[in-house]
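# Residue-level structure breakdown
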Amino acid sequence: MSLGTIAAGSRIKLHFALKFSDEQTVDSTFEREAPTLTIGDGNLLPGFEAYLIGLTTGDHKVFTVPPEAAFGQQNPQNIQEMKRSTFPADMPVAPGLMVSFADAQGAELPGLISEVNGDWVSVDFNHPLAGKTLLFEVQILEVHNAD
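Source: prediction; values computed, not measured. (Residues numbered from 1 in each chain as written. Predicted model: local features only at pLDDT ≥ 70, side-chain atom pairs only at ≥ 80, totals over all residues. Heavy atoms only, no water.)

### Notes on the nonpolar core
Grouped together as the largest cluster of nonpolar side chains are 21 residues, with contacts concentrated most on Ile6, Ile12, Leu14, Leu52, Phe136, Val138 and Ile140. Broken down by secondary-structure element, the contributors of at least two residues to this core are strand 1 (11-20), helix 1 (46-52), strand 4 (60-65) and strand 9 (134-144). Sort the elements by how many residues they give to this core and strand 9 lands first, with five residues. The residues touching Ile140, leaving out its near neighbours within four places in the chain, are Ile6, Lys13, Leu14, Leu52, Leu55, Thr56, Thr57, Gly58 and Asp59. By size, the runner-up hydrophobic cluster in this structure holds eight residues, among which are Val99, Val121, Val123 and Phe125. (Core = buried A, V, L, I, M, F, W, Y, C linked by side-chain atoms within 4.5 Å. Buried < 20%, exposed > 50% of the residue type's maximum accessible area, 1.4 Å probe, protein only. Helix = DSSP H or I, 4+ residues; strand = E, 2+ residues; numbered from the N terminus. Contact = heavy atoms within 4.5 Å.)

### Quick look at the sheet that holds strand 5 (residues 79-83)
With respect to topology, four strands assemble into an open sheet ordered 5-8-7-6, the strand pairing being antiparallel. Looking at the sheet topology across the chains shown, the edges are occupied by strand 5 and strand 6 (98-102). Taken pair by pair, the neighbouring strands of this sheet meet at an average axis angle of 40°, ignoring direction. Strand direction decides the pairing type here: strand 6 and strand 7 (residues 108-117), joined by five bridges, are antiparallel. Paired with Val99 across the two strands is Gly111, which belongs to strand 7. (Pairing = 2+ DSSP bridges. Axes fitted to C-alpha atoms, helices over the stretch in contact; angles between N-to-C directions.)

### Examining the environment of Ile113
Assignment of secondary structure puts Ile113 in strand 7. Sequence-wise, Ile113 and Pro95 are 18 residues apart; in three dimensions their C-alpha atoms are separated by 4.9 Å. Here Ile113 is in contact with Val93, Ala94, Pro95, Gly96, Leu97, Val99, Val121, Ser122 and Val123, once residues within four sequence places are set aside.

Put into C-alpha cells, the structure is as follows:
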C-alpha cells in the first residue's frame, strides 16, 4: 500500500492543475492519466515541489504560488528590439505572434512579438507564465518513500 508523507526523493502519483487567479486553466492532468514523478527529479520546478513536501496520500489542496516560486518575474532584459528586416519578408509580423529563434548553442528559443513600431519589432523572450501568480491544485494519489 502506498502510505507515507512526501519528502525529498519520494515517488508520487498525483493529479495537478495550474490556473491563473481567475481560475482559467493553464494545464491540468485531472482529465487524463495521472503522472508519476520523484521529488527532486526536475519534473516539477522546486518552487512547486516545496508545496508538496509533507502532504500524504489522499490530500487534495490548492496553493497560491507567487511568481518567485513559479516561473519568476518578468525580466525587461528578455525583451529584445529587432529590425523588421531580421524576419523573412513574407512573414506576417504582428503582436501576439509566437516566433522561434536559435540560441548560440542551436537550441530553440521561443519569443512572443509584443509590439511592432515602424522598422522595429519587440520580441519578449520571458517565459509566458513569468510574472504570474498561479493556483496550484494537487491531489496526491500515491506516495512511495525510499527505504
